[in-house]
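Summary of the model geometry
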Amino acid sequence: LDVLTAFDQIAASSVLLVRGGRLNRRTLKKRKLLERLQQRGAFICFNRWLTEDEFDLIMQAADYVLIPYHSHVGSSGILSRAIGHRRPVIASDYGLIGRRVKKYNLGYLYTDCKQRALKELLFSLDKPTELNSLFDRAKEDYSPDQTVSCLVKALRAYHPIKVRNA
């Protein structure tokens with residue numbers, strides 16, 4: 001819900017939030033906010049899981065991929081898919097996702113569970129030009145069925161560490 005409230009406060013007409021997956025009860029309680037964002041043209045909601053083709057099209061059109069998990073300890077497939085599509089991420093600084101984004105310079109971090117920090121970050125972003133070079137080699141190697149291997153190649157190319165193949 002922090003994401004929806006933060007996006008509601010952004011006046012830029014060029015900002016569009018696309019959400020896939022089933023809406024939970026907490027999100028449905030914000031129905032008026034969802035409707036206001038949709039009327040403004042700032043929000044598209046798929047109240048279902050996206051197909052692979054839909055997901056790929058959205059990733060290709062995105063400037064950033066928002067991973068708004070709160071106090072999430074583990075990782076996310078969205079992170080590796082964003083890298084496979086050469087998209088910088090916006091994520092909480094918490095847990096494994098936060099550590100990976102910071103360590104490998106994969107995007108931007110905001111303070112976990114702090115709506116104001118997320119809003120300030122969203123206001124400060126432009127088109128992602130400075131991060132595009134980070135993903136150039138990943139783009140060349142990417143194919144939809146090799147996301148994990150593409151991630152491993154990209155990380156090895158930019159960071160001389162041992163990464164085990166999945």
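As a reminder, the structure under discussion sits directly above these lines.
Below is a summary of the structure that appears in this document. (Residues numbered from 1 in each chain as written. Predicted model: local features only at pLDDT ≥ 70, side-chain atom pairs only at ≥ 80, totals over all residues. Heavy atoms only, no water.)

1. Thoughts on the sheet that holds strand β5 (residues 107-110)
Which entries qualify depends on this criterion: By the convention used here, strands pair only if DSSP detects at least 2 bridges between them. Only DSSP runs of H or I with at least four residues qualify as helices, and only runs of E with at least two residues qualify as strands; both kinds are numbered from the N terminus onward. For helices, the fitted line uses only the C-alpha atoms of the stretch in contact; every axis is such a line through C-alpha atoms, and the angle between N-to-C directions lies from 0 to 180 degrees.
Taken together, the three strands give an open sheet; going across it, the order is β3-β4-β5, and neighbouring strands pair in parallel fashion. With partners counted over all chains shown, the strands left at the sheet margins are β3 (65-67) and β5, one partner each. Along the sheet, successive strands turn relative to each other by an average axial angle of 20°, direction set aside. Two strands pair when backbone bridges link them, and β3 and strand β4 (residues 89-92) are joined in this way by three bridges, in the parallel orientation. Counted as the bridge partner of I67 is A91 from β4.

2. Details of helix α6 (residues 95-104)
The following threshold applies: Exposure categories follow from relative accessible area, calculated using a 1.4 Å probe and restricted to protein chains: below 20% of the type maximum is buried, above 50% is exposed, and the middle band is partly exposed.
G95, I97, G98, V101 and Y104 are the residues of α6 that are buried. One or two steps after α6, the chain reaches N105, where phi turns positive at roughly 55°.

3. Brief notes about the packing of helix α4 (residues 52-61) against helix α5 (residues 77-84)
What counts, and what does not: The cut-offs work like this: below 35 degrees is roughly parallel, past 145 is roughly antiparallel, 65 to 115 is roughly perpendicular, and the gaps in between are oblique. The sense of a crossing depends on the near helix, which, turned anticlockwise from the far helix by less than a right angle, makes the crossing left-handed and, turned clockwise, makes it right-handed. By the convention used here, residues are in contact when the closest approach between their heavy atoms is within 4.5 Å. Residues are grouped as follows: Ala, Val, Leu, Ile, Met, Phe, Trp, Tyr, Cys and Pro are nonpolar; Asp, Glu, Lys and Arg are charged; all remaining types, including Gly, are polar.
Following both chains from N to C, one finds α4 and α5 inclined at 60°, their axes separated by 10 Å at the closest point. On the basis of the axis angle, α4 is oblique to α5. Both α4 and α5 take part in a crossing whose hand is right-handed. On α5, the residues that touch E52, F55, D56 and M59 of α4 are I78, R81 and A82. Considered class by class, the residues forming the contact of α4 with α5 number four nonpolar, no polar and three charged.

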